[in-house]
Amino acid sequence: FGDSRKKKVFTDLKGRAVWIRAAEQFTERDDVIQTIVVVSGDDMEFFMEKFRPNLAFMGVEIVEGGAERADSVENALKIVREDAEFVSVHDAARPVLAKKWIDDVFAKAAKTGAAILGHKVSSTLKRADSSGQITETVPREHLWEAQTPQVFRRDLLCEAFAKRDGFQATDEAQLVERIGHPVSIVDNSAMNLKITTQEDLRIAEKLLDALPKEKALRGFHPFADEDPRGL
């Protein structure tokens, strides 16, 4: 991220930390019954002290992470409530998220058991060797950039982790694919970026203002031509 003093998810993004902007998209939903935030053991003391008021207000649960992403998610799975039918995994470094995008991937997972957000690759892709010499132009047809949230039936995701046998997957969909269950992709906006660099943070600041807004009900007038509910 280029800032040795602060990790990207703790950085301020237009008045709120990156991780808070990501997590609040779930804590504010009626269909989400539990929100778990996974934190590195090295950051735990700082995190609990720095964000104590936020944690109390948001009602999230905290779990210590592992060495790799899959280890961290597995730690969180251990405390998922028994009455949770589905588990949604989201990158704390993806704070530019619209409610509609979550609605879409939740709905798809409810139908298929496993779904992720993704964006079709539109640029020409090159494979290069360690010296930077291009070795191949990779066809981009049928290629997608995986995003989060990634949503799975709880029993399916637990089975995938139980059978991972130390395999370090780069996302949860890869683990579910390994046990033979199909995973659906919901076409989504490239605005759902993952903050990795300082430049990404500056882009995210602009994107927050460009997110699709929910339609608000207009004031109803008895002589209006249109029903404000769009009916």
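Residues numbered from 1 in each chain as written. Predicted model: local features only at pLDDT ≥ 70, side-chain atom pairs only at ≥ 80, totals over all residues. Heavy atoms only, no water.

**Quick notes on the overall build of the chain**
Across its full length, the chain holds 8 helices and 10 strands. Counting only C-alpha atoms and orienting by the principal axes, one finds that the chain spans roughly 70 × 45 × 40 Å. Counting over 231 residues, the chain shows a buried share of 39%. Contacts in the chain between residues at least 24 apart in sequence constitute 68% of all its contacts with a sequence separation of at least 6. Total accessible area on the chain is roughly 14100 Å²; 50% of this is exposed by carbon and sulfur atoms. Charged side chains in the chain number 34 positive and 40 negative. The centres of these two groups are separated by 3 Å. (Helix = DSSP H or I, 4+ residues; strand = E, 2+ residues; numbered from the N terminus. Buried < 20%, exposed > 50% of the residue type's maximum accessible area, 1.4 Å probe, protein only. Contact = heavy atoms within 4.5 Å. Areas by Shrake-Rupley, 256 points an atom, 1.4 Å probe, with all protein chains shown as cover. Lys, Arg positive; Asp, Glu negative; His and termini not counted. Charge placed at Lys NZ, Arg CZ, Asp CG, Glu CD.)

**Comments concerning the environment of L55**
Relative to the helices and strands, L55 is located in helix α3 (residues 52-58). The spatial distance from the C-alpha of L55 to the C-alpha of K14 is 19 Å, given a sequence separation of 41 residues. The contacts of L55, once residues within four sequence positions are left out, are W19, F47, M48, V60 and I62.

**Considerations on the confidence of the model for the chain**
Detailed reading of the predicted coordinates is not advisable wherever pLDDT falls low. Within the chain, residue pLDDT values average 90, and 90% of them lie at 70 or more. Overall, residues 216-231 carries pLDDT values under 50, and its contacts beyond four positions in sequence, including any with other chains, amount to 6 contacts. (pLDDT = per-residue confidence, 0-100.)

**Things to note about the pairing of strand β8 (residues 134-138)**
Here 4 bridges tie strand β7 (residues 125-128) to β8, and the two strands are oriented antiparallel to one another. Note that in β8 the partner of K126 across the bridge is T137. Connecting β7 to the antiparallel partner β8 that follows it, the hairpin turn spans 5 residues, and G132 within it adopts a positive phi of roughly 90°. (Pairing = 2+ DSSP bridges.)

**What to know about the packing of helix α4 (residues 69-77) against helix α6 (residues 154-162)**
Contact geometry for α4 and α6: axes closest at 11 Å, N-to-C directions at 130°. With respect to α6, the element α4 is oriented oblique. Considering the relative orientation of α4 and α6, their crossing is left-handed. Contacts from A70, V73, E74 and L77 in α4 reach L157, C158 and F161 in α6. Across the contact of α4 with α6, the residue classes tally to 6 nonpolar, no polar and 1 charged. (Axes fitted to C-alpha atoms, helices over the stretch in contact; angles between N-to-C directions. Parallel < 35°, antiparallel > 145°, perpendicular 65-115°, else oblique. Left-handed = near helix turned anticlockwise from the far one by under 90°. Nonpolar A, V, L, I, M, F, W, Y, C, P; charged D, E, K, R; others polar.)

**Some remarks on the pattern of salt bridges**
Within this structure, the stated rule accounts for 18 salt bridges. Taken together, the shared-partner salt bridges in this structure form one network comprising R29, D31, K99 and D103. (Salt bridge = Lys/Arg side-chain N within 4 Å of Asp/Glu carboxyl O.)

**Structural notes on the sheet that holds strand β5 (residues 86-89)**
Read from one edge of the open sheet, 4 strands run β5-β9-β6-β10, paired in mixed fashion. Pairing within the sheet leaves two strands with one partner each, and these edge strands are β5 and β10 (184-187). Shown here is a sheet whose adjacent strand axes are inclined to one another by a mean of 30°, direction ignored. The pairing of β5 with strand β9 (residues 144-153) spans 4 bridges and is antiparallel. By the bridge assignment, V87 is partnered in β9 with F152.

**Some words on the environment of G180**
For G180, the location among the structural elements is in the loop between α7 (172-178) and β10. Taking relative accessible area as the criterion, G180 reaches 60% and is therefore assigned exposed.

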